[in-house]
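Residues per chain are reported as follows:
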Amino acid sequence: MTGHQAGFGPAGSGPVRTPDAQQGDRRLLCRRVGQGDLAAVRDIRRGLRELLASSPHADTADVAELLTSELVTNALIHTDRGAVVTAVVRESGLRVEVKDFVAELPTPYRPTTGDGTHGRGLLLVEALADSWGVREHDRGKIVWFELDGAAPPRC
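The structure contained in this document is the topic of the report that follows.

1. A closer look at the nonpolar core
Soluble globular proteins tend to pack their nonpolar side chains together in the buried interior.
Consideration 1: Ranked by internal contacts, the top residues of the largest apolar core, which has 29 residues, are L48, L94 and F145.
Consideration 2: Put simply, the parts of the chain that give this core at least two residues each are β2 (24–33), α1 (40–53), α2 (61–78), β3 (83–90), β4 (93–100), α3 (121–128) and β6 (140–147).
Consideration 3: Leave out the neighbours within four places in its chain, and L94 touches L48, L52, A64, A87, V88, V89, F145, E146 and L147.

This is how it looks when you write it as structure tokens:
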């Protein structure tokens, strides 16, 4: 999120509460992830769960963790410069952005029968997020999703 760089803590730091003049009080999580640091995905999931725990959107934590894991893993596997993960909780819901430093834009992969479990990350984002997209920035791209706070259907 531009304009809120002060919210970045060191890698592994917890949620940071920051004021936002346009949206009222909000909760913010920012993490830098080093190149190939797939172990950091677990820490990001935990931080996201903590961020959502005391929010009105706590019931979206499972979906949020899954989608965030997919986007971060994609950034770490398909790029070689790490990523920056930002999650913002507002009254209207959750927005997660994963910024990487490679300009190539992702497209959802349509797996075939013999593909195993490879290539389904963006399909999950497409299916489970209320909205998602990709936007370019000066040194790469940001893949983002939003959850509006409604609980996912349960069986």
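Now that the structure has been shown, the text picks up again.
2. Points about the packing of aromatic side chains
Consideration 1: In this structure the tally under the stated criterion is 0 aromatic pairs.
Consideration 2: In this arrangement the basic side chain of R95 is found over the ring face of W144, its NZ or CZ atom lying 4.2 Å from the centre.

3. Comments concerning the pattern of salt bridges
Consideration 1: Evaluation of the coordinates by the stated rule reveals 10 salt bridges.
Consideration 2: Between E97 and R95 there is a salt bridge, with the nearest N and O atoms lying 2.9 Å from each other.
Consideration 3: Judged by relative accessible area, R95 falls into the buried class, the value being 13%.
Consideration 4: R135 is paired through a salt bridge with E97; the nearest N and O atoms lie 3.2 Å apart. Of the two residues, R135 sits in strand β5 (residues 131–137) while E97 sits in strand β4, which places them 38 residues apart along the sequence.
Consideration 5: Judged by relative accessible area, which is 33%, R135 ranks as partly exposed.
Consideration 6: Judged by relative accessible area, which is 4%, E97 ranks as buried.
Consideration 7: Salt bridges sharing common partners tie together R45, R49, D62 and E65.

4. Topic: the side chain of H57
Consideration 1: Here H57 lies in the loop between α1 and α2.
Consideration 2: Only 3.2 Å separates the side chain of H57 from the backbone oxygen of E91, close enough to count as a polar contact.
Consideration 3: Within polar-contact distance, the side chain of H57 engages the backbone nitrogen of G93 at 3.4 Å.

5. Thoughts on the pairing of β5
Consideration 1: One ladder, built from 7 bridges, connects β5 with β6; its direction is antiparallel. Paired with H137 across the bridge in β6 is G140.
Consideration 2: The loop that links β5 with its antiparallel partner β6 comprises 2 residues.

6. Quick notes on the pairing of β4
Consideration 1: In terms of residue burial, β4 counts as a mostly covered element, since 7 of its 8 residues are buried.
Consideration 2: The sheet contact formed by β3 and β4 spans 8 bridges and is antiparallel. Across the sheet, the residue bridging to A83 is D100, located in β4.
Consideration 3: With antiparallel pairing between neighbouring strands as the criterion, β3 and β4 make up a hairpin whose turn holds 2 residues.
Consideration 4: Across 7 bridges, the pairing between β4 and β6 is antiparallel. Across the sheet, residue E97 finds its bridge partner in β6, namely W144.

What counts and how
- Think of each chain on its own: its residues are numbered from 1, step by step along the sequence as written.
- Selection of residues for local features in this predicted model requires a pLDDT of at least 70, selection of side-chain atom pairs for listing and counting requires 80 or more, and totals for whole chains, interfaces and linings are taken over all residues.
- Just so you know, side-chain values use all the structure's heavy atoms and leave hydrogens and water out.
- What is meant by a nonpolar core is a set of buried Ala, Val, Leu, Ile, Met, Phe, Trp, Tyr and Cys residues, joined one to another through side-chain atoms within 4.5 Å.
- Partly exposed describes any residue whose relative accessible area lies between the buried limit of under 20% and the exposed limit of over 50%, with all areas from a 1.4 Å probe on protein chains only and scaled to the type maximum.
- Numbered from the N terminus, helices here are DSSP runs of H or I no shorter than four residues, and strands are runs of E no shorter than two.
- Any two residues whose heavy atoms approach within 4.5 Å are treated as being in contact.
- Side-chain rings of Phe, Tyr and Trp (the six-membered ring for Trp) are treated as a pair once their centres are within 6.5 Å; stacked means planes under 30 degrees apart, edge-to-face means over 60, and tilted covers the remaining angles.
- A ring is considered to have a charge above it if a Lys NZ or an Arg CZ atom is located within 6 Å of its centre and within 35 degrees of its normal.
- The term salt bridge refers to a pairing of a side-chain nitrogen on Lys or Arg with a carboxyl oxygen on Asp or Glu at a separation within 4 Å.
- N or O atoms within 3.5 Å of each other form a polar contact, as long as, within protein, one can give a hydrogen and the other can take it, and as long as residues adjacent in sequence are counted only when both atoms are side-chain atoms.
- Strand pairing is defined by DSSP finding a minimum of two bridges between the two strands.

Scope: geometric values only; no functional claims are made or implied.
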